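Observations on chain architecture
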Amino acid sequence: MLYQPQKIIHKINNRLQKIRLQPIEVFLFHDVSNRYNPQTTLRQDWTSTQQFKQLILQFKTQYQFIPLTQAYLKLTQNYFRTRKYAVLTSDDGFQSNLEILQFLQQQQIPVTLFINPQYLDGKTIRSNYAPAPLYLTQQQLFTINSPLVTIGMHNFGHVDATQQSPDEFKQSVAQCIEILSHHPRYIPYFAYPWGSYNDSTQQILNQNHIIPLFCDGNTNYTYQGGISRKPIDSYYLTPKC
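My aim in this report is to walk through the structure given alongside it, one point at a time. (Residues numbered from 1 in each chain as written. Predicted model: local features only at pLDDT ≥ 70, side-chain atom pairs only at ≥ 80, totals over all residues. Heavy atoms only, no water.)

**Some points on the overall build of the chain**
A count of helices and strands for the chain gives eight helices and 10 strands. Summing over all exposed atoms, the chain offers an accessible surface of approximately 12,600 Å²; the carbon and sulfur share of this is 50%. (Helix = DSSP H or I, 4+ residues; strand = E, 2+ residues; numbered from the N terminus. Areas by Shrake-Rupley, 256 points an atom, 1.4 Å probe, with all protein chains shown as cover.)

**Concerning the environment of Leu-141**
By secondary structure assignment, the location of Leu-141 is in helix α5 (residues 138–142). Taking the relative accessible area as the measure of exposure, Leu-141 reaches 0% and is therefore buried. The spacing of Leu-141 and Ile-115 is 26 residues in sequence and 9.3 Å in space, taken between C-alpha atoms. Not counting chain neighbours up to four residues away, the residues in contact with Leu-141 comprise Ile-115, Leu-120, Leu-136, Ile-151, Leu-180 and His-183. (Buried < 20%, exposed > 50% of the residue type's maximum accessible area, 1.4 Å probe, protein only. Contact = heavy atoms within 4.5 Å.)

**Comments concerning the pattern of salt bridges**
Should their charged atoms come close, side chains of opposite charge can pair. A full pass over the atoms with the stated rule returns two salt bridges. One salt bridge connects Lys-230 with Glu-25, and the closest N-O pair in it is separated by 3.3 Å. Highlighted residues: Lys-230 in strand β10 (residues 230–231) and Glu-25 in strand β1 (residues 24–29), separated in sequence by 205 residues. Judged by relative accessible area, which is 8%, Glu-25 ranks as buried. (Salt bridge = Lys/Arg side-chain N within 4 Å of Asp/Glu carboxyl O.)

**Some points on the pairing of strand β7 (residues 149–153)**
Burial analysis of β7 places five of its five residues in the buried class, which makes it a mostly covered element. Examined bridge by bridge, strand β6 (residues 111–115) and β7 share five bridges and lie parallel to one another. Paired with Leu-113 across the bridge in β7 is Ile-151. (Pairing = 2+ DSSP bridges.)

**Considering the packing of helix α2 (residues 49–62) against helix α4 (residues 97–107)**
Interaxial distance between α2 and α4 falls to 12 Å at its minimum, and their mutual angle equals 25 degrees. With respect to α4, the element α2 is oriented roughly parallel. Seen from above, α2 lies across α4 with right-handed handedness. Residues Thr-49, Phe-52, Lys-53, Ile-56, Leu-57 and Lys-60 of α2 form the contact with α4, whose participating residues are Ile-100, Phe-103, Leu-104 and Gln-107. (Axes fitted to C-alpha atoms, helices over the stretch in contact; angles between N-to-C directions. Parallel < 35°, antiparallel > 145°, perpendicular 65-115°, else oblique. Left-handed = near helix turned anticlockwise from the far one by under 90°.)

**Focus on the packing of aromatic side chains**
All told, the structure shown has 15 aromatic pairs when counted by the stated rule. Summarising the aromatic geometry, the rings of Phe-59 and Tyr-63 are spaced 5.9 Å apart at their centres and angled 75 degrees between planes, so their arrangement reads as edge-to-face. With respect to burial, Phe-59 and Tyr-63 carry one shared label: buried. Ring plane angle 65 degrees and centroid distance 5.5 Å describe the contact between Phe-190 and Tyr-192, whose orientation is recorded as edge-to-face. Of the two residues, Phe-190 and Tyr-192, both sit in the buried class. What links up through ring pairs into an aromatic cluster is the set Phe-169, Phe-190, Tyr-192, Tyr-197 and Phe-214. (Phe/Tyr/Trp six-rings, centres within 6.5 Å; stacked < 30°, edge-to-face > 60°.)

Don't take any of this as a statement about function, it's just geometry.
Below is the structure:
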């Protein structure tokens, strides 16, 4: 517990840190397509192509987009940051990513795709979708070799990590590494499905030198045991009351 003088010092240090370090925002999207299809995609996982492109072009006027790996280095170094940086990430590995990658390539914007390897076979159905959404196949994923793209882990089958035993979570991580580490653009970064994690999952990732990503809507100033992200649809495209 912090006593009153300690609280004041803590607040001052936080304020000075924010003055010294410009924020790094990490944005998250899922399925981006021209038309929402309730038969293949959950509503909260969809963004229209037009809205997405407009938002990204707007962000380009506000931030300098950098790769996730570069953002991690900046967050751990704690040097002066005079620019506002942003990172773009995508979860689940929808086939619609292929079209969006063309747009991002044109704009020279790096992106990290977080993949559930279980669905790369093109057959397996994720339990909260009916029928299965259009996921990237393993062949499609491994044809992506742009220097602007990196590939991370999103648990093996999009399972809530906190609902797994430590041994189950270890196995899921190992299965992700077994498949995805063969990709030339693989990086040891792990995005928690639904942002759910606990001390045990954090310890396992740390032991395997894997960087975790959350989905807590926070802004990053320094590295705090993981990297925070903001879902684009929730924070920027949903009408605010």
